[in-house]
There are 2 protein chains.
Amino acid sequence: MPGGGPVSEVAFTGGRQLAVEPTTVEGVQLYRLPLYEDHRGKLTVGEFGTCLPFVPLRYFITYQVPGSDVRGEHAHRECAQFLTCVKGACTVMVDDGLHRAQFRLDDPRLGVLVPPMVWAAEYDHTDDSVLVVFASHHYDPQDYVRDYLEFVRGASERRSAGSRQGAPGPTPEPG
Amino acid sequence: MPGGGPVSEVAFTGGRQLAVEPTTVEGVQLYRLPLYEDHRGKLTVGEFGTCLPFVPLRYFITYQVPGSDVRGEHAHRECAQFLTCVKGACTVMVDDGLHRAQFRLDDPRLGVLVPPMVWAAEYDHTDDSVLVVFASHHYDPQDYVRDYLEFVRGASERRSAGSRQGAPGPTPEPG
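If you're wondering where the values come from, they're calculated on a predicted model, not measured in any experiment.

Colleague: Provide a residue-level description of the relation of the copies chain B and chain A, including the pertinent values.
Modeller: Superposing chain B onto chain A requires a rotation of 180° together with a translation of 0.0 Å along the rotation axis, leaving an RMSD of 0.0 Å. What we have between these two chains is a two-fold relation. Interface overlap between copies: 100% of the residues of chain B at the interface are likewise at the interface in chain A, consistent with a symmetric, same-surface contact.

In structure tokens:
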């Protein structure tokens, strides 16, 4: 399993309301989507461009992933992703180069927004897990950053450029 | 289970190639999406605006649907949908007012494109089924046609208007 770092607990109760929570990782947000339940079963829903911040140009689904294997382990330069595990469960680790967190996705109502230049990996899949990922861009192999040290350097440069331009940066580490 | 009508068989073999097949129901297409498989499991993918004909503004997921229950049973005036059963299986029935077909969706690689003004229903869900639906529009209760006779009249009027405008219509019924 990759890395250590803080573990963010995921727990919520029923209801139709959408909830969006920031996390300790820059730009990463945890979504709790509405649930509509009746005698015909359950339905959860997300709208793109409104409650979800981008309109997807691509989706992919991973399934039959061995519990011992790790998927992801890269960042994207421009592409944002929204991950939701619609059956079974898996863990998503996110890392902005300064902070790291992991989330257990075990309900179709839960989703994680992963912005560009955040490293992500998925692991600890249950045998029946199905992960659906919405991506803001079409597939482009040039958009992938697969080397972690290159990612850390790039994330640092992006933060420095943001600071110089007066954009809000992450809270500095204490000490 | 709704209606009778012809049953279109779904069967395909592996491979990375996207295949799109017309069906007997006007505008309904059956998609067989690419598969990428390695030691880390399986991945299937679709791109919107290229291989899939619209960019979604909404998704919803239905799950824990009792096998005896029927979902859908309506048409949309403007909204197109793409349905893929990513776990377990369910049957999708589609009806353009003249022709009817049903498809068993039992693989994340299979999808059904349902254009506006096609009646659709989903049933015979397995206990573990998870159906993901991409919709071309945000939710609008005015877009639903929930009365079948109203739908048949509307579909007929749409065909007549299309014929008057020289648009290609469906093949007339023999006799």
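Colleague: Let's hear about the nonpolar core: which residues, and what values?
Modeller: With 32 residues, the main nonpolar core has A:Tyr59, A:Phe82, A:Phe134, B:Tyr59, B:Phe82 and B:Phe134 as its most contacted residues. Looking at this core, the elements that each hand over two or more residues are strand 5 (58-63), strand 7 (81-87) and strand 12 (130-135) of chain A together with strand 5 (58-63), strand 7 (81-87) and strand 12 (130-135) of chain B. If sequence neighbours within four positions are ignored, A:Phe82 has contacts with A:Tyr31, A:Leu33, A:Leu52, A:Phe54, A:Gly111, A:Val112, A:Leu113, A:Val132, A:Val133, A:Phe134 and B:Tyr59.

Colleague: If you had to explain the sheet that holds strand 12 of chain B to someone new, which residues and values would you point to?
Modeller: Backbone-to-backbone hydrogen bonds pair the strands of a sheet. The strands run either parallel or antiparallel. Read from one edge to the other, the open sheet built from 8 strands follows the order 3(A)-4(A)-5(B)-12(B)-7(B)-10(B)-2(B)-1(B), with strand pairing classed as antiparallel. Sheet topology places strand 3 (35-38) of chain A together with strand 1 (19-22) of chain B at the edges, where each strand pairs with a single neighbour. Neighbouring strand axes in the sheet, compared pairwise and without regard to direction, differ in orientation by 20° on average.

Colleague: With reference to specific residues and values, describe helix 1 (residues 148-164) of chain B.
Modeller: Residues and elements named next belong to chain B. The end-to-end C-alpha separation of helix 1 is 24 Å, in line with the 24 Å expected for 17 residues at 1.5 Å each. Along helix 1, the residues classified as buried are Phe-151, Gly-154, Ala-155, Arg-159 and Gly-162. The arc that holds the buried residues of helix 1, viewed along the axis, is 135°, so those residues lie on one side. Turned more than 90 degrees off the buried face of helix 1, the exposed positions are Leu-149, Glu-157, Ser-163 and Arg-164. The opening residue of helix 1 is Asp-147, an N-cap whose side-chain oxygen sits 3.2 Å from the backbone nitrogen of Leu-149.

Colleague: Can you tell me about the confidence of the model for chain A, naming the residues and giving the values?
Modeller: Residues and elements named next belong to chain A. In the predicted model, chain A carries a mean pLDDT of 88, and the fraction of residues at 70 or more is 85%. Segment residues 1-14 is flagged for pLDDT under 50; beyond a separation of four residues in sequence, or across chains, it makes 28 contacts in the model. Under the prediction, the complex receives an ipTM of 0.86, its pTM being 0.86.

Colleague: Can you break down the pairing of strand 4 (residues 41-47) of chain B residue by residue, with the values?
Modeller: Judged by how many residues are buried, strand 4 of chain B sits mostly within the fold: 7 of 7 residues are covered. Pairing of strand 5 of chain A with strand 4 of chain B involves 6 bridges; the strand directions are antiparallel. Among the inter-strand pairings, A:Tyr63 is bridged to a residue of strand 4 of chain B, identified as B:Lys42. Direction of pairing for strand 3 (residues 35-38) of chain B relative to strand 4 of chain B: antiparallel, over a ladder of 4 bridges.

Colleague: Give a detailed account of the interface of chain B and chain A, specifying residues and quantitative values.
Modeller: Taken together, the contact pairs 44 residues of chain B with 44 residues of chain A. Here chain B and chain A share an interface that buries about 3600 Å² over both sides, 58% of which is from carbon and sulfur atoms. Taken as a group, B:Arg40, B:Tyr59 and B:Tyr63 account for 22% of the area that chain B buries against chain A, more than any other trio of residues on that side. There are 2 salt bridges connecting chain B and chain A. Among the ionic pairs, A:Glu47 bridges to B:Arg58, the shortest N-O distance being 3.8 Å. Between chain B and chain A we count 17 residue pairs in polar contact (both at pLDDT 80 or more) in total. The biggest single contributor to the side of chain B that touches chain A is strand 4 of chain B, with 7 residues. Within the side of chain B that touches chain A, the residues separate by chemical class into 23 nonpolar, 10 polar and 11 charged.

Colleague: Go over the pattern of salt bridges, please, and point to the residues and values.
Modeller: Under the counting rule described, the total for this entry stands at 10 salt bridges over all chains. Salt-bridge contacts for A:Arg100 lead to A:Asp95; the nearest nitrogen and oxygen are separated by 2.8 Å. Both residues of the pair, A:Arg100 and A:Asp95, belong to the buried class. The closest approach of N and O atoms between B:Glu150 and B:Arg77, which form a salt bridge, is 3.5 Å. Taken together, the residues B:Glu150 in helix 1 and B:Arg77 in the loop between strand 6 (71-76) and strand 7 connect sequence positions 73 residues apart.

Colleague: Lay out the packing of aromatic side chains with the relevant residues and their values.
Modeller: All names here are of chain A. Counted by the stated rule, this structure contains 19 aromatic pairs over all chains. On the basis of an interplanar angle of 90° and a centroid distance of 5.3 Å, the ring pair of Tyr-31 and Phe-82 is categorised as edge-to-face. With a gap of 51 residues between them, Tyr-31 in strand 2 (residues 29-32) and Phe-82 in strand 7 connect regions that are remote in the sequence. The interplanar angle of 85° and the centroid separation of 5.1 Å between the aromatic rings of Trp-119 and Tyr-148 together place this pair among those described as edge-to-face. Remark: Tyr-148 occurs in helix 1 (residues 148-164) and Trp-119 occurs in strand 11 (residues 119-123); sequence separation between them is 29 residues. Taking relative accessible area as the criterion, Trp-119 reaches 7% and is therefore assigned buried.

Colleague: Hey, could you go over the pairing of strand 5 of chain A for me, with residue numbers and the actual values?
Modeller: All names here are of chain A. Taken across its 6 residues, strand 5 has 6 buried, putting it largely inside the fold. The alternating pattern of strand 5 places Arg-58, Phe-60 and Thr-62 on one face and Tyr-59, Ile-61 and Tyr-63 on the opposite face, and all of these are buried. Bridge count for strand 5 against strand 12 is 6 bridges, and the pairing is antiparallel. Bridge pairing links Tyr-63 to Val-130 in strand 12.

About the thresholds
Residues numbered from 1 in each chain as written. Chains lettered and ligands numbered in written order. Predicted model: local features only at pLDDT ≥ 70, side-chain atom pairs only at ≥ 80, totals over all residues. Heavy atoms only, no water. Least-squares fit on C-alpha atoms with pLDDT ≥ 70 in both. Contact = heavy atoms within 4.5 Å. Core = buried A, V, L, I, M, F, W, Y, C linked by side-chain atoms within 4.5 Å. Buried < 20%, exposed > 50% of the residue type's maximum accessible area, 1.4 Å probe, protein only. Helix = DSSP H or I, 4+ residues; strand = E, 2+ residues; numbered from the N terminus. Pairing = 2+ DSSP bridges. Axes fitted to C-alpha atoms, helices over the stretch in contact; angles between N-to-C directions. Expected span 1.5 Å × (residues − 1). Arc of directions from axis to C-beta. Polar contact = N/O pair within 3.5 Å; in protein donor to acceptor, adjacent residues only side chain to side chain. pLDDT = per-residue confidence, 0-100. Buried area = accessible area lost by both parts, 1.4 Å probe. Salt bridge = Lys/Arg side-chain N within 4 Å of Asp/Glu carboxyl O. Nonpolar A, V, L, I, M, F, W, Y, C, P; charged D, E, K, R; others polar. Phe/Tyr/Trp six-rings, centres within 6.5 Å; stacked < 30°, edge-to-face > 60°.

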